[in-house]
Amino acid sequence: MGSRASTLLREEEIEEIKKETGFSHSQITRLYSRFTSLDKGENGTLSREDFQRIPELAINPLGDRIINAFFPEGEDQVNFRGFMRTLAHFRPIEDNEKNKNSSASEPLNSRTNKLLFAFRLYDLDRDDKISRDELLQVLRMMVGVNISDEQLGSIADRTIQEADTNGDNSISFNEFIKVPPVDGEQDY
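Residues numbered from 1 in each chain as written. Predicted model: local features only at pLDDT ≥ 70, side-chain atom pairs only at ≥ 80, totals over all residues. Heavy atoms only, no water.

- For the protein chain, an unreviewed UniProt entry supplies the name EF-hand domain-containing protein and the organism Sphaeramia orbicularis.
- As stated in UniProt under Sequence similarities (unreviewed entry), the record for the protein chain gives "Belongs to the calcineurin regulatory subunit family. CHP subfamily." (UniProt positions renumbered as here; feature names shortened; annotations may be inferred.)

**Topic: the packing of aromatic side chains**
Moving on, step 1. Going through the model one piece at a time under the given rule, you end up with 13 aromatic pairs.
Moving on, step 2. Judged by centre distance (4.8 Å) and plane angle (85°), the ring pair of Y32 and F80 falls under edge-to-face. Pair noted here: Y32 is in helix α3 (residues 25-38) and F80 is in helix α7 (residues 80-88), with a separation of 48 residues, a long-range link. As far as burial versus exposure is concerned, Y32 and F80 are alike and both buried.
Moving on, step 3. Through successive ring pairs, a cluster of aromatic residues spans Y32, F35, F51, F70, F71, F80 and F83.
Moving on, step 4. Between R48 and the ring centre of F71, over which it is positioned, the NZ or CZ distance is 4.3 Å.
Moving on, step 5. One Lys or Arg, R91, reaches over the ring of F23 and ends 5.6 Å from the middle of that ring. (Phe/Tyr/Trp six-rings, centres within 6.5 Å; stacked < 30°, edge-to-face > 60°. Helix = DSSP H or I, 4+ residues; strand = E, 2+ residues; numbered from the N terminus. Buried < 20%, exposed > 50% of the residue type's maximum accessible area, 1.4 Å probe, protein only. Lys NZ or Arg CZ within 6 Å of the ring centre and 35° of its normal.)

**Here's the deal with the packing of helix α2 (residues 11-21) against α3**
Moving on, step 1. Relative to each other, α2 and α3 sit at 110°, their axes nearing to 10 Å. In terms of their interaxial angle, α2 and α3 are classed as roughly perpendicular. In terms of crossing hand, the pair formed by α2 and α3 is right-handed. Between α2 and α3, the contacting residues are E11, I14, E15, I17 and K18 on the first element and H25, I28 and T29 on the second.
Moving on, step 2. Partitioned by chemical class, the residues of the contact of α2 with α3 number 3 nonpolar, 2 polar and 3 charged. (Axes fitted to C-alpha atoms, helices over the stretch in contact; angles between N-to-C directions. Parallel < 35°, antiparallel > 145°, perpendicular 65-115°, else oblique. Left-handed = near helix turned anticlockwise from the far one by under 90°. Contact = heavy atoms within 4.5 Å. Nonpolar A, V, L, I, M, F, W, Y, C, P; charged D, E, K, R; others polar.)

**Focus on the nonpolar core**
Moving on, step 1. Among the nonpolar cores identified, the biggest contains 25 residues, and I28, L46, F51, F70, F80, F83 and M84 are the most heavily contacted of them.
Moving on, step 2. Listed by contribution, the elements that provide at least two residues to this core are α2, α3, α6 (63-69) and α7.
Moving on, step 3. Beyond its immediate chain neighbours, meaning those up to four positions away, F80 contacts L9, I17, I28, L31, Y32, F35 and G44.
Moving on, step 4. Counting 14 residues, the second largest nonpolar core, distinct from the first, contains L152, I171, F173 and F176. (Core = buried A, V, L, I, M, F, W, Y, C linked by side-chain atoms within 4.5 Å.)

And the structure:
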(Lines give C-alpha, C1' and ligand atoms only; values in the text may rest on other atoms or scores of the structure.)
Protein backbone atom coordinates (compact mmCIF):
# COMPACT_ATOMS: atom_id res chain seq x y z
CA MET A 1 0.00 0.00 0.00
CA GLY A 2 2.93 2.35 0.67
CA SER A 3 4.03 2.07 -2.96
CA ARG A 4 0.48 2.82 -4.13
CA ALA A 5 0.54 6.06 -2.16
CA SER A 6 3.83 7.25 -3.59
CA THR A 7 3.00 6.37 -7.19
CA LEU A 8 -0.36 8.16 -7.31
CA LEU A 9 0.98 11.44 -5.91
CA ARG A 10 2.92 13.32 -8.59
CA GLU A 11 6.11 15.20 -7.73
CA GLU A 12 4.58 18.52 -8.92
CA GLU A 13 1.62 18.01 -6.56
CA ILE A 14 3.96 17.31 -3.66
CA GLU A 15 5.88 20.53 -4.38
CA GLU A 16 2.67 22.58 -4.57
CA ILE A 17 1.38 21.08 -1.31
CA LYS A 18 4.77 21.73 0.35
CA LYS A 19 4.57 25.43 -0.62
CA GLU A 20 0.94 25.75 0.45
CA THR A 21 1.08 23.84 3.75
CA GLY A 22 4.71 23.84 4.90
CA PHE A 23 4.78 20.06 5.30
CA SER A 24 7.96 18.25 4.21
CA HIS A 25 8.10 15.81 1.29
CA SER A 26 8.21 12.82 3.65
CA GLN A 27 5.33 14.14 5.77
CA ILE A 28 3.20 14.61 2.65
CA THR A 29 3.86 11.09 1.34
CA ARG A 30 3.21 9.62 4.79
CA LEU A 31 -0.05 11.57 5.12
CA TYR A 32 -1.03 10.55 1.59
CA SER A 33 -0.58 6.94 2.60
CA ARG A 34 -2.80 7.54 5.64
CA PHE A 35 -5.35 9.37 3.45
CA THR A 36 -5.54 6.45 0.99
CA SER A 37 -5.92 3.96 3.84
CA LEU A 38 -8.90 5.98 5.12
CA ASP A 39 -10.40 6.25 1.60
CA LYS A 40 -12.58 3.13 1.80
CA GLY A 41 -14.37 4.01 -1.45
CA GLU A 42 -10.97 4.32 -3.20
CA ASN A 43 -12.23 7.38 -5.09
CA GLY A 44 -9.59 9.90 -4.01
CA THR A 45 -11.81 11.62 -1.45
CA LEU A 46 -12.83 11.12 2.15
CA SER A 47 -16.36 11.28 3.48
CA ARG A 48 -17.46 12.12 7.01
CA GLU A 49 -17.93 8.39 7.58
CA ASP A 50 -14.28 7.78 6.66
CA PHE A 51 -13.24 10.26 9.37
CA GLN A 52 -15.65 8.75 11.89
CA ARG A 53 -13.76 5.46 11.61
CA ILE A 54 -10.67 7.12 13.12
CA PRO A 55 -10.67 5.93 16.76
CA GLU A 56 -9.12 9.14 18.13
CA LEU A 57 -11.86 11.24 16.55
CA ALA A 58 -14.60 8.80 17.52
CA ILE A 59 -13.76 9.24 21.23
CA ASN A 60 -12.94 12.96 21.08
CA PRO A 61 -15.84 15.04 22.45
CA LEU A 62 -15.20 17.59 19.70
CA GLY A 63 -14.68 14.90 17.06
CA ASP A 64 -17.71 15.91 14.99
CA ARG A 65 -16.65 19.58 15.08
CA ILE A 66 -13.13 18.64 13.97
CA ILE A 67 -14.50 16.42 11.19
CA ASN A 68 -16.76 19.25 10.01
CA ALA A 69 -13.71 21.51 9.75
CA PHE A 70 -12.41 19.35 6.89
CA PHE A 71 -15.48 20.00 4.76
CA PRO A 72 -16.23 23.34 3.09
CA GLU A 73 -19.84 24.40 3.55
CA GLY A 74 -22.17 22.29 1.44
CA GLU A 75 -19.48 19.70 0.62
CA ASP A 76 -19.61 16.07 1.72
CA GLN A 77 -16.23 14.94 0.35
CA VAL A 78 -12.69 16.24 0.82
CA ASN A 79 -9.77 15.55 -1.52
CA PHE A 80 -6.15 15.14 -0.46
CA ARG A 81 -5.31 18.81 -1.03
CA GLY A 82 -8.20 19.96 1.21
CA PHE A 83 -7.22 17.34 3.78
CA MET A 84 -3.67 18.73 3.86
CA ARG A 85 -4.86 22.36 4.08
CA THR A 86 -6.86 21.55 7.20
CA LEU A 87 -4.05 19.53 8.77
CA ALA A 88 -1.67 22.44 8.17
CA HIS A 89 -3.51 24.43 10.86
CA PHE A 90 -2.11 21.97 13.41
CA ARG A 91 1.55 22.42 12.40
CA PRO A 92 3.65 24.39 14.86
CA ILE A 93 5.12 27.65 13.61
CA GLU A 94 8.88 27.45 13.41
CA ASP A 95 10.85 30.66 14.00
CA ASN A 96 12.45 30.61 10.55
CA GLU A 97 8.98 30.38 8.95
CA LYS A 98 7.60 33.43 10.76
CA ASN A 99 9.68 35.91 8.80
CA LYS A 100 9.79 34.04 5.51
CA ASN A 101 8.65 35.95 2.40
CA SER A 102 6.43 38.66 3.84
CA SER A 103 4.76 39.24 0.44
CA ALA A 104 3.30 35.71 0.42
CA SER A 105 -0.10 35.02 1.94
CA GLU A 106 -0.20 34.19 5.62
CA PRO A 107 0.71 30.54 6.29
CA LEU A 108 -2.14 28.18 7.14
CA ASN A 109 -0.47 27.52 10.49
CA SER A 110 -0.06 31.20 11.43
CA ARG A 111 -1.36 32.28 14.83
CA THR A 112 -4.28 34.12 13.18
CA ASN A 113 -5.28 31.13 11.03
CA LYS A 114 -4.99 28.76 14.01
CA LEU A 115 -7.24 31.07 16.03
CA LEU A 116 -9.72 31.32 13.14
CA PHE A 117 -9.79 27.52 12.96
CA ALA A 118 -10.48 27.31 16.73
CA PHE A 119 -13.10 30.08 16.50
CA ARG A 120 -14.97 28.11 13.84
CA LEU A 121 -15.12 25.07 16.14
CA TYR A 122 -17.19 27.19 18.53
CA ASP A 123 -19.22 29.12 15.93
CA LEU A 124 -21.70 26.30 15.39
CA ASP A 125 -24.15 28.25 13.23
CA ARG A 126 -21.38 29.94 11.20
CA ASP A 127 -22.70 33.46 11.80
CA ASP A 128 -19.21 34.78 12.65
CA LYS A 129 -19.89 35.11 16.36
CA ILE A 130 -19.99 32.80 19.35
CA SER A 131 -23.20 33.10 21.34
CA ARG A 132 -23.74 31.96 24.92
CA ASP A 133 -25.73 28.96 23.62
CA GLU A 134 -22.94 27.93 21.25
CA LEU A 135 -20.39 28.25 24.03
CA LEU A 136 -22.62 26.12 26.28
CA GLN A 137 -23.01 23.45 23.58
CA VAL A 138 -19.25 23.16 23.09
CA LEU A 139 -18.61 23.14 26.83
CA ARG A 140 -21.18 20.33 27.22
CA MET A 141 -19.45 18.40 24.44
CA MET A 142 -16.13 18.74 26.25
CA VAL A 143 -17.17 18.01 29.83
CA GLY A 144 -20.30 15.93 29.41
CA VAL A 145 -22.22 15.50 32.64
CA ASN A 146 -19.20 16.12 34.87
CA ILE A 147 -20.22 19.74 35.53
CA SER A 148 -23.73 20.95 36.31
CA ASP A 149 -25.68 23.12 33.88
CA GLU A 150 -25.54 25.92 36.44
CA GLN A 151 -21.74 25.76 36.58
CA LEU A 152 -21.49 25.61 32.79
CA GLY A 153 -23.79 28.62 32.50
CA SER A 154 -21.60 30.52 34.93
CA ILE A 155 -18.47 29.66 32.89
CA ALA A 156 -20.18 30.72 29.66
CA ASP A 157 -21.45 33.98 31.18
CA ARG A 158 -18.03 34.85 32.61
CA THR A 159 -16.31 34.02 29.32
CA ILE A 160 -18.68 36.23 27.32
CA GLN A 161 -18.42 39.02 29.89
CA GLU A 162 -14.60 38.99 29.69
CA ALA A 163 -14.36 38.75 25.89
CA ASP A 164 -17.36 40.78 24.69
CA THR A 165 -16.04 44.32 24.24
CA ASN A 166 -18.90 45.72 22.12
CA GLY A 167 -21.73 44.61 24.42
CA ASP A 168 -23.64 42.40 21.96
CA ASN A 169 -23.54 39.35 24.30
CA SER A 170 -21.49 37.31 21.83
CA ILE A 171 -17.85 36.93 20.88
CA SER A 172 -16.72 38.06 17.43
CA PHE A 173 -13.48 36.81 15.91
CA ASN A 174 -11.77 40.12 16.70
CA GLU A 175 -12.83 39.80 20.34
CA PHE A 176 -11.81 36.12 20.35
CA ILE A 177 -8.24 36.89 19.25
CA LYS A 178 -7.83 39.61 21.88
CA VAL A 179 -8.59 37.34 24.84
CA PRO A 180 -5.27 36.92 26.67
CA PRO A 181 -3.96 33.38 27.06
CA VAL A 182 -4.48 31.65 30.40
CA ASP A 183 -1.41 31.83 32.68
CA GLY A 184 0.98 29.05 31.79
CA GLU A 185 -0.36 28.64 28.24
CA GLN A 186 2.19 28.87 25.51
CA ASP A 187 1.74 30.83 22.32
CA TYR A 188 1.05 28.73 19.24
